[in-house]
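Geometric and topological summary
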Number of protein chains: 2
Amino acid sequence: MITATERFKERLAALRASLKAVDGLFISSLVNVRYLTGFTGSSAFMLIGRKSAFFITDPRYGKDAIKDAGPCYEPVVIGKAKFPPLVKKLSEKAGIKRLGFETSASYALYERLKAAGLELKPAKGLVERIRMVKGPEEVESMKAAIRRAEEAFIKLKPYIKTGVTETALARRFEEMLRMGGRAQLPFPVIAASGPNAAIPHARPTGRKLAPGDLLILDWGSESGGYFSDMTRTLLIPGGDHTAEKKKIYNIVLDANREAISFAASGKTASQIDNSARYVIKQAGYGAYFAHATGHGIGLEVHEFPGISRGSAVPVRDGMVFTIEPGIYVPGLGGVRIEDMVIMEKGRARPLTRLPKDLRMNTLGGK
Amino acid sequence: MITATERFKERLAALRASLKAVDGLFISSLVNVRYLTGFTGSSAFMLIGRKSAFFITDPRYGKDAIKDAGPCYEPVVIGKAKFPPLVKKLSEKAGIKRLGFETSASYALYERLKAAGLELKPAKGLVERIRMVKGPEEVESMKAAIRRAEEAFIKLKPYIKTGVTETALARRFEEMLRMGGRAQLPFPVIAASGPNAAIPHARPTGRKLAPGDLLILDWGSESGGYFSDMTRTLLIPGGDHTAEKKKIYNIVLDANREAISFAASGKTASQIDNSARYVIKQAGYGAYFAHATGHGIGLEVHEFPGISRGSAVPVRDGMVFTIEPGIYVPGLGGVRIEDMVIMEKGRARPLTRLPKDLRMNTLGGK
C-alpha cells in the first residue's frame, strides 16, 4: 500500500497527463478537490499547471487545510473579493495561457474569471475521468459502505410487514443507515410498494404494505466519503396477479445477471447497458424499462461512466459501477435489482452480497 | 389567507414584472422551481415568457407533478436528449428573443442551450430577489422550524457537561433535530469548544468539554422546506481567563442587540452589518470579527440579502434574516450569538426565543 502522499502525487500526475487542449485546469468542484487533496471543507479551489499547482482556500481553513497532499501543492489563502485577479496572477505565474474550466461550475463563476482577463476553455470531466478507476483504498471504503448498508437491511427485515407504511419503513431504515451520525446518506431511502413501485424514483408515502405487494427498497450508505447504492425488491405473499409479478421479478433478475456476466474489459458501457436491455426486451417488457442500466459510483453516488445507451466508454479494471435493470408496470407494480460491481481481472465481480433470488426475497421466505 | 394557487399566481406575476432586460427567463434552480410551483422532485425546469409559462419535467414526474400551481403553467414532459431544441421551440412559441439565464446554473447547461441557437443573457437572482420578502405561510413554516430547533436545544441541555466530546454532543443534537426523519438538517451541527470555538466554522472533534470552555452551538432545523438557523454560546464555569471570556460574550451580545434594534425599513444591509461591527470595533475586538453579520434565510439557509459590508439592499417588511456577530480569539475561544429576525412594521422582530444573557447561558446557571 502506498502512502497517502504518494497517492495524491499519482493523482496529480495523472491529471497533468490529461492536460492536452489546455495548459492548466482551474478546479472548482469540491469533490474533485477532495479527490486530489483529501480536503473536506466547504470552500477551496485549485489551479493546476504543468509545473506549478496551487491549493486556494480562505482564512477559515488556512494553509494547513491539506495535510497528506501538502507536498504536492503551494497553498494560497485568499480574501473573497480579490479572488478572480488572484487566479489571473497565479495563472501567469504558472505560465498558463489557455486555462481549462470545469463545466460543472456555475456560469456566474465563469463570468467572474473571464472578467479578470483569463482565457478560459471549457474542459469537461478531466478529473472525473481519472476518478472512474478506483484505487485499493477507495474500494475498501466502498466495501465498508456496502457492509453498513447490508447490515442495516438485515436489521430492517423483521419490520417489513403488512400494515407498515412506506414512510415509517424508510425512516427506520434511514436511522439505521446513519448509524447515529457516523455515516451520511447518499440519497433518501426509496420504499415504494404496490402500485407505487411502478414509479422508478418514487418517494415514500403513507401507503401501508399489503398482501401481494412488490416492495422496492433502494438505499445507500457511506464510509470515508465513499458511497454505496443498491436495490432489492421484496414480494409480499397473497394478492392478485402473483404469476405476473414473479415473472417480471425473474426477468429483471436475468437481466441483472446477464449484464454482470457480460461486462468485460473493453466492452463499452452502452454494450453493457444493452445486454440487460436485450433480456427485458426479448421477454416483451422493453417499454417498461425506461432508465439506464447503471452508473459509476465513488465519492459521488452518480459518477462516470454512465452504463447507458449513449456511453461509449470501454470499461476496465478498477471501475466500480451499478447494474440496476428494472421493469415498471403501471397498476401492477415494479421490480428493480441493483448491485455494485467492480471490474477485476477483466470481469465484473459483485461487491453487494445480499441474496437476489425470488425465494429469498419473498416475505416469510427463507 | 389566499389559496395556494393564488399564491403561485402572485409569484409568477412578480417575476414577470421583473423581466426588464430580458423577454423571458429560463429557470434551472430547483429551489426557484419549488418556490414558483411547489414541485419538490429532482428534475424540472421552467420557461417564463411575458404571456406563456412552461413547466418542463421528465417522464418520471409527468404532467401532474405540480398541483396547486397547475393553472399557471403549461406542462411539458421531455426526453432528456431532445432538451435544448425543446427549450428553443418553446422560446419561439412564447415570443422570447432575449432569454434570461440564471447564472447559478452550470456552465455546461449554458453551453448546451447556446448550441441550440438560443440568445442567452445572464440574469442573476431574479427569482431570488422576489424570495427575499416572505409571505405569511412562509413565515409560519420558519416559525415551526425554529420551534423544532429550540425544543431540541432544551432537550439537549442536560447532556452538555464536562467530559462529553464535541462529536458526541453534535450527533445527539442532530438526532433530536431530525425528529426521526421528519425534519431535514440545513447543515451539520457546529459544536466547537475551548480553543476550537475560535474557528468560526469548526467541525466537531473528539475534544472533551472542560471547565472554562466557551462552547459555540450553531444549529438549524426545517419545516415544510423552510429552514431555521441559530447560534448560542455557553460558558462552562471554571478555568482561566474567565473575565475576558465574559467580556467578549457581553460585547457580542451588545452587538447582536444593537443590530436588531438598529434594523429598520430603508436601512441597507451594509448599514445593519456596520451597526454590529461598530460595537465590536469600539470594544477593541474589530480584528476578531471576520465574517458577515448575517444572511437572509428561507428555502435555502443562505439567501438574499447578505447582511454584509457590500450589500446595498434596503431591508423591508417581510424579510427574514439572521443577526450573528461573533468574536474569535485564537487560544482563548470564541463567542457567536445568532438570532433570526423578521422585518415587521418597519422594525426587526426576533423570531428565535432562547435566552441570550450570559447568566442563562452559563452551565449550571438558571
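Here, residues in each chain are numbered from 1, in the same order as that chain's written sequence. Each chain is given a letter, starting from A, and each ligand a number, starting from 1, according to the order in which they appear as written. Where local features are concerned, this predicted model is filtered to residues with pLDDT of at least 70; where side-chain atom pairs are given and counted, the filter is 80 or more; whole-chain, interface and lining totals use all residues. No hydrogens and no water enter the side-chain calculation; it runs on all heavy atoms of the structure.

We call Phe, Tyr and Trp rings a pair once their centres come within 6.5 Å, taking the six-membered ring for Trp, and we label the pair stacked below 30 degrees between planes, edge-to-face above 60, and tilted otherwise. For the structure on display, the rule yields 25 aromatic pairs over all chains. Judged by centre distance (4.6 Å) and plane angle (35 degrees), the rings of A:Phe45 and A:Phe83 are tilted. Taken together, the positions of A:Phe45 in strand 2 (residues 44–49) and A:Phe83 in helix 3 (residues 83–93) put the pair 38 residues apart, joining distant regions of the chain. Like A:Phe45, the residue A:Phe83 is buried in the burial classification. With a centroid separation of 5.8 Å and an interplanar angle of 55 degrees, the aromatic rings of B:Tyr285 and B:Tyr288 are classed as tilted. The classification of residues rests on relative accessible area computed with a 1.4 Å probe and restricted to protein chains. Under 20% of the type maximum is buried, over 50% is exposed, and intermediate values are partly exposed. Its relative accessible area of 8% is what places B:Tyr285 among the buried residues. Between B:Arg7 and the ring centre of B:Phe8, over which it is positioned, the NZ or CZ distance is 5.8 Å. Residue placement shows B:Arg172 over the ring face of B:Tyr159; its charged tip is 3.8 Å from the ring centre. Strands here are runs of E lasting at least two residues and helices are runs of H or I lasting at least four, both read from the DSSP assignment and numbered beginning at the N terminus. Two conditions define a charge located above a ring, namely a distance within 6 Å from the ring centre to NZ of Lys or CZ of Arg, and an angle within 35 degrees of the ring normal.

Glancing now at the domain arrangement of chain A. All names here are of chain A. These domain boundaries are the output of an automatic or database domain assignment. In terms of domain boundaries, chain A breaks down into domain 1 (4–131) and domain 2 (136–361). Each of domain 1 and domain 2 was reduced to a C-alpha centroid, and the two centroids are 35 Å apart. Two residues form a contact once any of their heavy atoms are found within 4.5 Å. On the domain 2 side, the residues contacting the nine residues of domain 1 number nine residues. Summed over both partners, the accessible area (1.4 Å probe) lost when two parts come together is defined as the buried area. When domain 1 packs against domain 2, the two sides together hide about 800 Å² of surface, and 53% of this comes from carbon and sulfur.

A separate point is the packing of helix 1 (residues 4–17) of chain A against helix 2 (residues 30–37) of chain A. All names here are of chain A. For helices, the fitted line uses only the C-alpha atoms of the stretch in contact; every axis is such a line through C-alpha atoms, and the angle between N-to-C directions lies from 0 to 180 degrees. At a minimum axis separation of 7 Å, helix 1 and helix 2 run at an interaxial angle of 125 degrees. The orientation of helix 1 with respect to helix 2, classified from their angle, is oblique. Contacts between helix 1 and helix 2 involve Phe8, Arg11, Leu12 and Leu15 on the former and, on the latter, Arg34, Tyr35, Leu36 and Thr37. Residue polarity follows a fixed list, in which Ala, Val, Leu, Ile, Met, Phe, Trp, Tyr, Cys and Pro are nonpolar, Asp, Glu, Lys and Arg are charged, and the others, Gly among them, are polar. Classifying every residue of the contact of helix 1 with helix 2 gives five nonpolar, one polar and two charged. Should an angle fall under 35 degrees it is taken as roughly parallel, and over 145 as roughly antiparallel, whereas 65 to 115 is taken as roughly perpendicular and any remaining angle as oblique.

What follows concerns the confidence of the model for chain A. What pLDDT expresses is the predictor's confidence in each residue, scored from 0 to 100. With 98% of its residues at a pLDDT of 70 or more, chain A shows a mean pLDDT of 94. Scored as a whole, the predicted complex attains pTM 0.88, and scored at its interfaces, ipTM 0.84.

Attention now goes to the sheet that holds strand 2 (residues 44–49) of chain B. Residues and elements named next belong to chain B. Pairing between strands requires that DSSP locate at least two bridges from one strand to the other. Taken in spatial order, the six strands line up as 4-3-2-1-5-6 in an open sheet, and their pairing is mixed. Of all strands in the sheet, those bounded by a partner on one side alone are strand 4 (74–77) and strand 6 (119–123). The average undirected angle you get between the axes of adjacent strands in this sheet is 25 degrees. Looking at chain direction, strand 1 (residues 24–27) and strand 5 (residues 98–102) are connected through three bridges and run parallel. Residue pairing for strand 5: glycine 24 is matched across the bridge by leucine 99. Against the sheet, helix 1 (residues 4–17) makes contact with strand 1, strand 2 and strand 3 (53–57), and its axis sits at roughly 60 degrees relative to strand 2, the strand it touches most.

So, on to the relation of the copies chain B and chain A. The copies are overlaid by a least-squares fit using only the C-alpha atoms of residues whose pLDDT is at least 70 in both copies. Expressed as a screw transformation, the operator carrying chain B onto chain A has a rotation angle of 180 degrees and an axial translation of 0.0 Å, and the superposed copies differ by an RMSD of 0.0 Å. Those values place the two copies in the arrangement expected of a two-fold rotation axis. A high fraction, 100%, of the interface residues of chain B reappear at the interface in chain A, so the copies pair face to face through one surface.

Facing the 23 residues of chain B at the interface are 23 residues of chain A. Between chain B and chain A, roughly 1,900 Å² of surface is buried when both sides are summed, and carbon and sulfur atoms account for 53% of that area. The largest share of the area that chain B buries against chain A comes from B:Arg60, B:Tyr107 and B:Arg171, three residues that together contribute 30% of it. The term salt bridge refers to a side-chain nitrogen of Lys or Arg lying within 4 Å of a carboxyl oxygen of Asp or Glu. Summed over the shared surface of chain B and chain A, the number is zero salt bridges. Counting of polar contacts relies on pairs of N or O atoms within 3.5 Å, with two restrictions inside protein: one atom must be capable of donating a hydrogen and the other of accepting it, and residues adjacent in sequence are counted only when both atoms are side-chain atoms. The interface formed by chain B and chain A holds eight residue pairs in polar contact (both at pLDDT 80 or more) in total. Of all elements in the fold, only helix 4 (107–115) and helix 7 (166–178) of chain B reach the threshold of two or more residues within the side of chain B that touches chain A. Residue contributions to the side of chain B that touches chain A peak at four residues, all from helix 4 of chain B. The residue inventory of the side of chain B that touches chain A, partitioned by class, reads seven nonpolar, nine polar and seven charged.

The next thing to look at is the side chain of B:Asp273. Residue and element names in this part refer to chain B. Within the element layout of this structure, aspartate 273 appears in helix 9 (residues 269–282). Note on aspartate 273: relative accessible area 1%, which makes it buried. Reaching out from aspartate 273, the side chain makes a polar contact with the side chain of arginine 277 at a distance of 2.9 Å.

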